[in-house]
Amino acid sequence: MQQNHKNQEPNPSHFEESQGTSDQEVPTHRDLTWDEYRDTIQGMRFFDPHIHMTSRTTDDYQTMFDAGIVALIEPAFWLGQPRTGLSSFKDYYSSLVNWERFRSSQFGIRHYCTIGLNSREANNEPLAEQVMEILPLFLYKEGVVGVGEIGFDDQTAAEEKYYRAQLELAKQAKLPVQVHTPHRDKKHGTERSMAIALEHGFDPAWVIIDHNNEETVKSVLDQGFYAGFTIYPFTKMGNERMVKVVEQYGPERIMINSAADWGISDPLALPKTAALMKMRGISDETIRKVTYQNAIDAFGQSGQIHETDFANGLEIDQSQKMNGNTILRGGQQPRIAKESLFIN
Ligand SMILES: [Zn+2]
């Protein structure tokens, strides 16, 4: 099938709408092929703090592992298809803390997650009420490193109500918060998200404001919050733009993610952006902070992240099973690697 990205609708999965802004003319994203960047990132390790692996295939896990991604965080997300009952939330949250973590480990990548009621789903209030009741059952589970992704989409009263309620849950559970900022009226939505978090008594160093751009970054950093950036090739943030942001603001409290999901997105956005930064002369230490260390520092406040669990690679043994189920499909031979191997 022929694909021409210029003619495609922007990806709606992170709540995008076509904006038709004039800056769409300027290329801000450079895609790199593996041959172009593999040597540049040799030996580097990456931590992707926002990626929806439930929507991705095994092939992605393999290529991510080979590109040096050693750990990731999967925030609870919207499926595209509205959920109709509490059971589908339960099953989804269970899959994040069980099956998906197991599947990730089978490909050598440590999996963490954040649990929350998505802003879009807050607008179905009767269901949202029920979901709030079960969230504590999941927030205290092993490997849950925050409440997320929560915040505003359409900036409705219901979204605000459940954002506030979940901030309180996070406080009780002593967990960091991962805030989704809206695409429409982003600047206003971002300021409101931060003001509400402060109103609830949050230390801004416990709040990761995500999906930033050039318009929001200064205020987020000035107020002491972490600033997440999503490299989403055709909408949120191109990697060329990201390099400029890091050049301008330096590495403190900035973290880069792919937010790859069921839409047109790139699970290798992190290593590719690291390579681009390296090509532009940004120091290894700065790259390490924005693609690895800052995410560990921020979400590590949960007490759930131990770098020794993944820094030197996981032992891969695909002959393992979870509840009797394996990641192997009929007749497939397990891959067993006892040594850490970042790049083959
Ligand atoms: Zn997301």
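Use the structure listed above.
All residue numbers refer to position in the chain's written sequence, counted from 1. It should be noted that, the model being predicted, local features are given only for residues of pLDDT at least 70 and side-chain atom pairs only at 80 or more, the latter also being counted only at that level, while totals for whole chains, interfaces and linings use all residues. In computing side-chain properties, one takes all heavy atoms of the structure into account and sets aside hydrogens as well as water.

Visitor: I would appreciate a short explanation of the overall build of the protein chain in the present structure.
Guide: For the purposes of this entry, the term helix denotes a DSSP run of H or I that reaches at least four residues, the term strand denotes a run of E that reaches at least two, and both are numbered from the N terminus. Counting secondary structure elements, the protein chain contains 11 helices and 10 strands. Taken over 344 residues, the protein chain has a buried fraction of 56%. Once local pairs closer than 6 in sequence are excluded, the contacts in the protein chain between residues at least 24 apart make up 76%. When the accessible area of the protein chain is evaluated, it comes to approximately 14700 Å², of which 47% is carbon and sulfur surface. The rule is simple: take the accessible area with a 1.4 Å probe, protein chains only, and divide by the maximum for that residue type; under 20% is buried, over 50% is exposed, in between is partly exposed. Any two residues having at least one pair of non-hydrogen atoms within 4.5 Å are treated as being in contact. Working definition of accessibility: Shrake-Rupley area with a 1.4 Å probe, residue cover restricted to the visible protein chains.

Visitor: What is the right way to read the packing of helix α10 (residues 269-279) against helix α11 (residues 284-299) from this model?
Guide: Each pair of packed helices gets described by two things: the angle between the helix axes and the distance between those axes. Between N-to-C directions, angles span 0 to 180 degrees; the directions come from axes that are lines fitted to C-alpha atoms, helices contributing only their stretch in contact. Contact pair α10 / α11: the axes reach a minimum separation of 10 Å and the direction vectors enclose 160°. Of the possible angle classes, the one that applies to α10 and α11 is roughly antiparallel. α10 and α11 meet at a crossing whose hand is right-handed. On α11, the residues touching L270, A274, M277 and K278 of α10 are D284, I287, V290 and T291. Residues are grouped as follows: Ala, Val, Leu, Ile, Met, Phe, Trp, Tyr, Cys and Pro are nonpolar; Asp, Glu, Lys and Arg are charged; every other residue, Gly included, is polar. In terms of residue class, the contact of α10 with α11 is built from 5 nonpolar, 1 polar and 2 charged. For classification purposes, an angle smaller than 35 degrees is called roughly parallel, one larger than 145 roughly antiparallel, one from 65 to 115 roughly perpendicular, and anything else oblique. Put simply, a crossing is left-handed when the front helix is turned counterclockwise from the back one by less than a right angle, and right-handed when it is turned clockwise.

Visitor: Even after reading the chapter, I still don't get the nonpolar core, so can you show me in this structure?
Guide: General note: in soluble globular proteins, nonpolar side chains tend to be found buried as a group. Put simply, buried Ala, Val, Leu, Ile, Met, Phe, Trp, Tyr and Cys residues joined by side-chain atoms within 4.5 Å make one nonpolar core. Y93, I115 and M242 are the most contacted members of the largest nonpolar core, which totals 85 residues. The element that contributes the greatest number of residues to this core is helix α5 (residues 125-139), accounting for 8 residues. If sequence neighbours within four positions are ignored, M242 has contacts with F229, I231, M237, I254, I256 and T273.

Visitor: It is not clear to me how the packing of helix α6 (residues 157-173) against helix α7 (residues 186-199) should be interpreted in this structure. Could you clarify?
Guide: Between α6 and α7, the least distance of the axes is 10 Å, while the angle of their chain directions is 40°. It follows that α6 is oblique to α7 by the angle criterion. Taken as a pair, α6 and α7 cross one another with a handedness that is right-handed. Along its contact with α6, which presents E160, Y163, R164 and L167, the element α7 presents R192, S193, I196, A197 and E199. Tallied by class, the residues present in the contact of α6 with α7 amount to 4 nonpolar, 1 polar and 4 charged.

Visitor: Teacher, can you tell me more about empty space enclosed by the protein here?
Guide: Over the atoms rolls a probe the size of a water molecule, and in doing so it shows where empty space is left. Lining residues are those with an atom within 4 Å of a point, where the points come from a 1 Å grid over the protein atoms alone and group into cavities, where a 1.4 Å probe fits but cannot get out, or pockets, open sets with protein on both sides within 12 Å along at least five of seven lines. Grid points are joined across faces, edges and corners, and a volume is the space filled by probe spheres set on the points. All chains considered together, the criterion is met by 1 cavity of 30 Å³ or more. A volume near 60 Å³ is recorded for the largest cavity.

Visitor: What's the story with the side chain of D60 in this structure? I'm lost.
Guide: Secondary-structure assignment places D60 in helix α2 (residues 58-66). Relative accessible area serves as the criterion here: at 14%, D60 is assigned to the buried category. If we ignore the near neighbours within four places in the chain, the residues touching D60 are M53 and P267.

Visitor: Just to check I follow, could you spell out the sheet that holds strand β4 (residues 144-151) for this structure?
Guide: Hydrogen bonds between backbone groups are what pair the strands of a sheet, and the pairing can be parallel or antiparallel. Strand pairing requires that DSSP identify at least two bridges connecting the strands. In spatial order, the strands read β1-β2-β3-β4-β5-β6-β7-β8; together these 8 strands make up an open sheet with parallel pairing. Each of the sheet's edge strands pairs with one partner strand only, and the pair in question is β1 (46-48) and β8 (254-257). Averaged over all neighbouring strand pairs, the angle between strand axes comes to 25°, with direction disregarded. Looking at chain direction, strand β7 (residues 226-230) and β8 are connected through 4 bridges and run parallel. Bridging from a neighbouring strand, A227 pairs with I254 of β8. Along the sheet, α5 contacts β3 (110-115) and β4; its crossing angle with β4, the most-contacted strand, is approximately 150°. Helix α9 (residues 239-249) contacts β7 and β8 of the sheet and is inclined by roughly 170° relative to β8.

Visitor: Explain the packing of aromatic side chains to me, please; I cannot follow it from the model alone.
Guide: The way to describe two aromatic rings as a pair is by their centre distance and the angle between their planes. Put simply, two rings from Phe, Tyr or Trp (the six-membered ring, in Trp's case) pair if the centres are within 6.5 Å, and we call them stacked under 30 degrees between planes, edge-to-face over 60, tilted for the rest. According to the stated counting rule, one finds 12 aromatic pairs in the structure shown. On the basis of an interplanar angle of 45° and a centroid distance of 6.0 Å, the ring pair of F89 and Y93 is categorised as tilted. On the criterion of helical spacing, the pair formed by F89 and Y93 is a turn pair, its members being 4 residues apart in helix α3 (residues 86-97). Each member of the pair F89 and Y93 is classed as buried. Here Y292 and F310 contribute two aromatic rings whose centre-to-centre distance is 6.4 Å and whose plane-to-plane angle is 80°, an arrangement assigned as edge-to-face. Placement of Y292 in helix α11 and of F310 in the loop between α11 and β9 (316-317) is noted, with a sequence separation of 18 residues between them. Accessibility expressed as a relative area gives 3% for Y292, which makes it buried. Among the aromatic residues, those joined into a ring-pair cluster are F47, Y112, Y292 and F310.

Visitor: Please clarify how unusual backbone geometry should be interpreted in this entry.
Guide: Backbone geometry follows two general trends: most residues other than glycine have a negative phi, and most peptide bonds adopt the trans configuration. Here the bond from G148 into E149 is cis, since omega is -20°, no more than 30 degrees from zero. Phi at H211 is positive, roughly 55°, even though this residue is not glycine. Among the secondary structure elements, H211 is positioned in the loop between β6 (207-209) and α8 (217-222). Judged by its relative accessible area of 2%, H211 is buried. With a phi angle near 60°, R253 is a residue other than glycine that sits in the positive phi range. By the element assignment, R253 lies in the loop between α9 and β8.

Visitor: What exactly am I supposed to notice about the pairing of strand β2 (residues 69-75) here?
Guide: Looking along a regular strand, one sees the side chains alternate between the two faces of the sheet. Burial within β2 is extensive, with 7 of its 7 residues counted as buried. Relative to β2, β1 runs parallel, the two sharing 3 bridges. By the bridge assignment for β2, F47 is matched with A71. Orienting the strands away from the viewer, one traces the path from the first strand over the helix to the second; a clockwise path indicates a right-handed crossover. Regarding topology, α2 serves as the crossover connection from β1 to the parallel β2, and that connection is right-handed. One ladder, built from 5 bridges, connects β2 with β3; its direction is parallel. The partner of P75 across the bridge, within β3, is T114.

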